[in-house]
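Chain by chain, the residues:
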Amino acid sequence: MSVELSTPGQVLRATGVSAGYDGRAIVQEIDVEATPGKVVSVVGPNGSGKSTLLKALVGVVPVLGGTVSVGGTEITNLPPERIAKLGVGYVPQIDDVFPPLSVKENLEIGGYLLARHDVAPRIEAVLEFFPRLKTMMTRKAGKLSGGERKMLAMGRVLMLSPSVLVLDEPTANLAPLVATQLLEEYIRGFADHGSTVLLVEQRAKAALRISDWTCVLSGGRVVLSGAPRDLENNPVFVESFLGGGAARH
Amino acid sequence: MSVFLSSLGFGLISAAVLAIATVGFTLQFAVTNVLNLAYGSVMINSAFVTYYLNVHAHLNAWVAMVGGIATGAVASYLLNRFVFTPFQRRNLLPITIVIVALGVDLCGTFGLQAIVGGSYFSYRQSLGRELHFWGMYFSTLQLTIIGICLVVMGLIHWLLKHTRLGKAMRATSANPSLARNSGVRTGHVISMTWLISGALCGLAGTVFAMNTGVFEATSAQLYIVLMLAAMFLGGPGEAYGAMLGALTIGVATELSAGFFNPQYKEVIAFVVLLAMLTFRPYGLFGSEKTI
Ligand SMILES: Nc1ncnc2c1ncn2[C@@H]1O[C@H](COP(=O)(O)OP(=O)(O)OP(=O)(O)O)[C@@H](O)[C@H]1O
Ligand SMILES: [Mg+2]
């Protein structure tokens, strides 16, 4: 597999970040650091604030306290389009494509910041990555299956060759095999290529398998974090996330 | 039969004017989420700028129209910048903007009336030769309006489907947050949308006044009903739907005017709109915002 699509990374760092909606903090005092060549994953129960945290990092939700930086440049509360320009690519958990636009147009918008003559070659490169999309270029994104749609969402974000990838549950709705492939080949591949990956993943086991570092979010706070090996040996973590009573997936 | 054909002819011209107006109106709604009920007052104010350039500055009406177009563009841009955006920023209920727009419409229309008075106006312009085919009569002026409409629809199609700005407008309409995450400066895209749709509004106002022949400050006041009907018929926020909706409403209202009473145009449009909202709430063709 070719992994020339993302660019070697920059450090994405959140320091003491609190963020939320309408001035009310949902996540509080979060410290996370994602570094080039590594996959950092965030796991936690539904509603624990994982998506809110990612949105705050990419400028979609206001940061109420703390700082966010990428490659040493502070990006706290910059407009999302500025953060995109700095090389941070973000795939949201929902609303991850432009439904009325064709697959091709979705990719073109993904490459909005590219020079005009770079767009078509980049689409070709992205299609090498997701060949399934080749046959559906004129189809509206809203008419894709869940899996095809996720591929398009990933394809869209790769158009700008981001150096930092922020992915919110990229495997949701995917068949188990496809999900595993996406995580273990593609997403791990970006990191192995030197990109920075910050990933929210529902399935803790799968997340641990490809991560270099994992944070557990609960009630808007990081309650546990560590290397996968350490978490696997942590009885609390195992009980809550990996196969104890409240196991998920 | 002859009533039918001549009404059909009128219908096509009305549809042309309505299509230009509704496409601008629907673009505003699709891209910026503002249901700009002040559209009619910007139309008629633009028509009056054309009038002053035509009658007082002695410009050819078609040249004067450029002034009307510019007025529509600038007025709409400023309206968004200084009225709609500040209200939108405050995260009020969406209905607030509608009420604000309604207020702006009244101020725009009656402010104009305060300036120009209650009398009637017409452009200094010849209707041109009368042409006659398939039992329908058209003046050269009317055919020109239809021609302008076709050119404008072609340009809008080209803008939306083949330009970077047009695609960014559609992306902003579909998913503004994701558009920004993709690097699109949606604020800029929205400003451009107001300029473009405002230009359409100014153009629509001028051809509307040309087509009615005699107009006054309040002439476009009920026009919003036709535009809403045409827009909902095609599916709110759909540019192509607006074109087809305008054709349907334009022809339906003129046919009814031919057979019943011209005063009931807006009523007919409203009946069509109500039927639409009852049976196909997303429009004849659409299921969601899909410009
Ligand atoms: N737009 C919003 N406005 C107000 N509150 C919100 C908004 N979005 C999310 N929340 C609230 O913030 C909290 C955290 O939501 P968030 O989406 O970050 O959780 P999550 O960890 O991503 O959950 P999931 O695993 O279900 O995706 C929830 O209580 C949710 O109700
Ligand atoms: Mg989430």
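Residues numbered from 1 in each chain as written. Chains lettered and ligands numbered in written order. Predicted model: local features only at pLDDT ≥ 70, side-chain atom pairs only at ≥ 80, totals over all residues. Heavy atoms only, no water.

Participant: Any details on the overall build of chain A? Residues and values, ideally.
Facilitator: The secondary structure content of chain A amounts to 9 helices and 10 strands. Expressed as lengths along the three principal axes of its C-alpha atoms, the size of chain A is roughly 50 × 40 × 30 Å. Buried positions account for 55% of the 249 residues belonging to chain A. Pairs at least 24 apart in sequence give 68% of the contacts found in chain A among residues at least 6 apart. A total of about 10200 Å² of accessible surface is found on chain A, and carbon and sulfur atoms cover 51% of it. Put simply, chain A has 25 plus and 25 minus side-chain charges, and the middle of one group is 4 Å from the middle of the other. (Helix = DSSP H or I, 4+ residues; strand = E, 2+ residues; numbered from the N terminus. Buried < 20%, exposed > 50% of the residue type's maximum accessible area, 1.4 Å probe, protein only. Contact = heavy atoms within 4.5 Å. Areas by Shrake-Rupley, 256 points an atom, 1.4 Å probe, with all protein chains shown as cover. Lys, Arg positive; Asp, Glu negative; His and termini not counted. Charge placed at Lys NZ, Arg CZ, Asp CG, Glu CD.)

Participant: Explain the interface of chain A and chain B residue by residue, including any values.
Facilitator: How big an interface is tends to be expressed through the accessible area that disappears when the partners come together. With 24 residues of chain A at the contact, the number on the chain B side is 21 residues. Between chain A and chain B we count 3 salt bridges in total. With a shortest N-O distance of 2.8 Å, Arg170 of chain B and Glu105 of chain A are connected by a salt bridge. Linking chain A to chain B there are 7 residue pairs in polar contact (both at pLDDT 80 or more). Put simply, the parts of the chain that give the side of chain A that touches chain B at least two residues each are helix 2 (80–85) and helix 3 (103–110) of chain A. The greatest single-element share of the side of chain A that touches chain B, amounting to 4 residues, is contributed by helix 3 of chain A. (Salt bridge = Lys/Arg side-chain N within 4 Å of Asp/Glu carboxyl O. Polar contact = N/O pair within 3.5 Å; in protein donor to acceptor, adjacent residues only side chain to side chain.)

Participant: Quick one: what's the story with the pattern of salt bridges, residue by residue and with numbers?
Facilitator: Residues and elements named next belong to chain A. A complete count under the given rule lists 14 salt bridges over all chains for this structure. For the salt bridge of Arg188 with Asp212, the shortest nitrogen-to-oxygen distance reads 2.9 Å. Of this pair, Arg188 sits in helix 6 (residues 176–192) while Asp212 sits in the loop between helix 7 (204–210) and strand 9 (213–218), placing them 24 residues apart in sequence. Relative accessible area serves as the criterion here: at 15%, Arg188 is assigned to the buried category. A relative accessible area of 29% means that Asp212 is categorised as partly exposed.

Participant: Would you mind going over the environment of Glu33 of chain A in detail, with residue names and values included?
Facilitator: Residues and elements named next belong to chain A. As for its position among the elements, Glu33 is in strand 2 (residues 24–34). Glu33 gets classed as partly exposed once you look at its relative accessible area, which sits at 38%. Separated by 163 residues in sequence, Glu33 and Thr196 have C-alpha atoms that sit 9.9 Å apart. Discounting residues that sit within four places of it in the chain, Glu33 has contacts with Val11, Leu12, Arg13 and Val40. In terms of polar contacts, Glu33 uses its side chain to reach the side chain of Arg13, at 2.6 Å.

Participant: Break down helix 6 (residues 164–174) of chain B for me, citing the residues and quoting the values.
Facilitator: Helix 6 of chain B sits mainly inside the fold: 8 of its 11 residues count as buried. Of all the residues in helix 6 of chain B, the buried ones are Gly166, Lys167, Ala168, Met169, Arg170, Ala171, Thr172 and Ser173 of chain B. Close packing links the buried residues of helix 6 of chain B with helix 3 of chain A together with helix 1 (2–32), helix 5 (140–162), helix 7 (176–181) and helix 8 (186–212) of chain B.

Participant: Please set out the packing of helix 5 of chain B against helix 8 of chain B residue by residue, giving values where relevant.
Facilitator: Residue and element names in this part refer to chain B. Viewed as axis vectors pointing N to C, helix 5 and helix 8 meet at an angle of 165°, and their least axial separation amounts to 11 Å. Judged by the inter-axis angle, helix 5 sits roughly antiparallel to helix 8. Where helix 5 crosses over helix 8, the handedness of that crossing is left-handed. From helix 5, Leu141, Gln142, Ile145, Ile148, Val152, Ile156 and Leu159 reach across to helix 8, where they touch Ile196, Leu200, Leu203, Val207, Met210 and Asn211. Residues belonging to the contact of helix 5 with helix 8 are distributed by class as follows: 11 nonpolar, 2 polar and no charged. (Axes fitted to C-alpha atoms, helices over the stretch in contact; angles between N-to-C directions. Parallel < 35°, antiparallel > 145°, perpendicular 65-115°, else oblique. Left-handed = near helix turned anticlockwise from the far one by under 90°. Nonpolar A, V, L, I, M, F, W, Y, C, P; charged D, E, K, R; others polar.)

Participant: Give a detailed account of the coordination of the magnesium ion (ligand 2), specifying residues and quantitative values.
Facilitator: Residues and elements named next belong to chain A. Around the magnesium ion (ligand 2), the protein contributes the donor atoms Ser51 (OG) and Gln93 (OE1), at 1.9 to 2.0 Å from the metal centre. Taken as a pair, Ser51 in helix 1 (residues 50–57) and Gln93 in the loop between strand 6 (88–91) and helix 3 lie far apart in primary sequence, 42 residues in all. Taking the relative accessible area as the measure of exposure, Gln93 reaches 31% and is therefore partly exposed. (Donors = N, O, S within 2.8 Å, 3.2 Å for Na, K, Ca; no water.)

Participant: How would you summarise the side chain of Lys50 of chain A if you had to cite specific residues and measurements?
Facilitator: Residues and elements named next belong to chain A. Structurally, the position occupied by Lys50 is in helix 1. Buried and unpaired, Lys50 has no salt bridge, with Glu169 as the nearest side chain of opposite charge at 4.5 Å. Within the structure, Lys50 has its side chain in polar contact with the backbone oxygen of Gly44 (distance 2.9 Å). Once residues lying within four places of it in the same chain are set aside, the contact partners of Lys50 are Val42, Val43, Gly44, Pro45, Glu169, Val200 and Leu217.

Participant: Explain helix 5 (residues 146–158) of chain A to me, using residue names and the numbers behind them.
Facilitator: With 13 residues, helix 5 of chain A ought to run about 18 Å at 1.5 Å a step, and its terminal C-alpha atoms sit 19 Å apart, in line with that. Of all the 13 residues making up helix 5 of chain A, 11 are buried; the element is thus mostly covered by neighbouring parts of the structure. All buried positions along helix 5 of chain A are accounted for by Gly147, Glu148, Lys150, Met151, Leu152, Ala153, Met154, Gly155, Arg156, Val157 and Leu158 of chain A. Those residues of helix 5 of chain A hidden inside the fold are in contact with strand 6, helix 3, helix 4 (116–129), strand 7 (164–168) and helix 6 of chain A together with helix 7 of chain B. (Expected span 1.5 Å × (residues − 1).)

Participant: How would you explain the sheet that holds strand 4 (residues 63–70) of chain A if you had to name every residue and give the values?
Facilitator: Residues and elements named next belong to chain A. Within the open sheet, the 4 strands sit side by side as 2-1-4-5. Their pairing is antiparallel. The two strands at the open ends of the sheet, each matched to only one other strand, are strand 2 and strand 5 (73–74). Pairing of strand 4 with strand 5 involves 2 bridges; the strand directions are antiparallel. Bridge pairing in strand 5 links Ser69 to Glu74. Along the sheet face, helix 1 touches strand 1 (12–21), strand 2 and strand 4 and points at about 115° away from the line of strand 1. (Pairing = 2+ DSSP bridges.)

Participant: So what's going on with the sheet that holds strand 6 of chain A? Residues and values would help.
Facilitator: Residues and elements named next belong to chain A. Pairing is mixed across the open sheet formed by 6 strands, whose spatial order is 6-7-8-3-9-10. Edge positions in the sheet fall to strand 6 and strand 10 (221–226), since each has one partner strand and no second. This sheet shows a mean twist of 15° between the axes of neighbouring strands, independent of strand direction. Across 4 bridges, the pairing between strand 3 (residues 39–43) and strand 8 (residues 196–200) is parallel. Residue pairing in the sheet places Val39 in a bridge with Val197 of strand 8.

Participant: Talk me through the site of ligand 1; I want residue IDs and the actual numbers.
Facilitator: Residues and elements named next belong to chain A. Taken together, 13 residues form the shell around ligand 1, and within it Asn46, Gly47, Lys50, Ser51 and Thr52 come nearest. The separation between a nitrogen atom of ligand 1 and a polar side-chain atom of Tyr21 is 3.2 Å. Protein contacts shield 62% of the accessible area of ligand 1, which totals 640 Å² for the unbound molecule. Broken down by element, the residue count for the shell around ligand 1 peaks at 3 residues, all from helix 1. (Near = heavy atom within 4 Å.)

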